[in-house]
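Residue-level listing of the chains:
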Amino acid sequence: QYAKQEMTNNSKITSMVKSGADQQAKLLEAFNKHKNTMNIQQLDNTAKNAKKEYDAAVKPAQQARDAIVKAAEDKYKSTKSTADHEYKDLGSISKSQYKEILANAQKQRDDVSTAAEDQYKKVTKHAANQYKSTVSAISKQKTESITNQQLQDTGVSTAAASQSQKVVGHATKQANSSLKA
């Protein structure tokens, strides 16, 4: 029953994380399609949405992992308490039986906890990679947008300065012409 519950939880974790990773992939695809038309605020919002999607996938997986580890620890404590009572209070089991029961309970707890952690890492790695790809693409596009904006601003400033020099030059020529006349 315990193993069956663990398998069910692992399936739930995998399903939630896969769904979140799929959402990340869709977000990245939509971003790539529209990135050249997005302003900085839209890029920031896309990054926030990516984080929300990541959290929506990973937090339930963390909670499921933690629940499995807690259940394993509770099972171990219960088994240990029962073994303590039977060995120390009732004397119904031998010292070697007691040690064997504890060793088996510890092994089961440790195996379940390790398996839950391994499963969590395995299924969340994909979601983390998708999130990192999305954020990286957004960051790159944001840098490009800022650089392009700065180049445009520089171009406008240069053009304005040039135009200003031409106007001043023209006004100076007119003023000099009027003084000669």
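Residues numbered from 1 in each chain as written. Predicted model: local features only at pLDDT ≥ 70, side-chain atom pairs only at ≥ 80, totals over all residues. Heavy atoms only, no water.

To continue, consider the overall build of the chain. Helices and strands together make up the secondary structure of the chain, namely three helices and zero strands. The helix and strand sequence of the chain, counted from the amino end, reads α-α-α. Within the chain, buried positions represent 26% of all 181 residues. Residue pairs at least 24 apart in sequence account for 79% of intrachain contacts in the chain once pairs closer than 6 positions are excluded. Counting only carbon and sulfur atoms, one obtains 52% of the accessible surface of the chain, whose full area is about 12,200 Å². (Helix = DSSP H or I, 4+ residues; strand = E, 2+ residues; numbered from the N terminus. Buried < 20%, exposed > 50% of the residue type's maximum accessible area, 1.4 Å probe, protein only. Contact = heavy atoms within 4.5 Å. Areas by Shrake-Rupley, 256 points an atom, 1.4 Å probe, with all protein chains shown as cover.)

Turning our attention to the pattern of salt bridges. Throughout the structure, instances matching the rule amount to nine salt bridges. The salt bridge involving Asp74 is made with Lys70; its shortest N-O contact spans 2.9 Å. Residue Asp74 and its partner Lys70 are located together in helix 2 (residues 40-90), separated by four residues, close to a single helical turn. Taking relative accessible area as the criterion, Asp74 reaches 37% and is therefore assigned partly exposed. Residue Asp110 pairs with Arg109 through a salt bridge whose shortest N-O separation is 3.0 Å. (Salt bridge = Lys/Arg side-chain N within 4 Å of Asp/Glu carboxyl O.)

Here we come to the environment of Leu43. Within the secondary structure, Leu43 sits in helix 2. As for Leu43 and Ser145, which are separated by 102 residues in sequence, their C-alpha atoms are 9.8 Å apart. If we skip the residues at most four places from it in the chain, Leu43 touches Phe31, Met38, Ile138, Gln141, Lys142 and Ser145.

If you walk through the whole model with that rule in mind, you get two aromatic pairs. Relative to Tyr131, the ring of Tyr54 lies with its centre 5.0 Å away and its plane at 25 degrees, an arrangement referred to as stacked. Taken together, the residues Tyr54 in helix 2 and Tyr131 in helix 3 (residues 95-180) connect sequence positions 77 residues apart. Overall, Tyr54 belongs to the buried group, its relative accessible area being 19%. Measuring from centroid to centroid gives 4.7 Å for Tyr87 and Tyr98, while their planes differ by 20 degrees, and the two rings are stacked. Highlighted residues: Tyr87 in helix 2 and Tyr98 in helix 3, separated in sequence by eleven residues. (Phe/Tyr/Trp six-rings, centres within 6.5 Å; stacked < 30°, edge-to-face > 60°.)

Looking now at helix 2. For the α-helix, the turn length of 3.6 residues means that residues three or four positions removed from each other point alike. With 51 residues, helix 2 should cover 75 Å at 1.5 Å per step; its first-to-last C-alpha distance of 72 Å lies within 8% of that length. Of the residues one or two after helix 2, Gly91 is the one with positive phi, at around 65 degrees. (Expected span 1.5 Å × (residues − 1).)

Inspection of the secondary structure puts Arg65 in helix 2. Taking the relative accessible area as the measure of exposure, Arg65 reaches 14% and is therefore buried. A distance of 3.1 Å separates a polar atom in the side chain of Arg65 from a polar atom in the side chain of Asp66. (Polar contact = N/O pair within 3.5 Å; in protein donor to acceptor, adjacent residues only side chain to side chain.)

Here the focus is the confidence of the model for the chain. Where the model shows low pLDDT, its predicted coordinates should not be examined in detail. Averaged over the chain, the pLDDT score is 80; the fraction of residues at 70 or greater is 77%. Mean pLDDT values over the elements of the chain span from 70, in helix 1 (residues 2-34), up to 89, in helix 2. (pLDDT = per-residue confidence, 0-100.)

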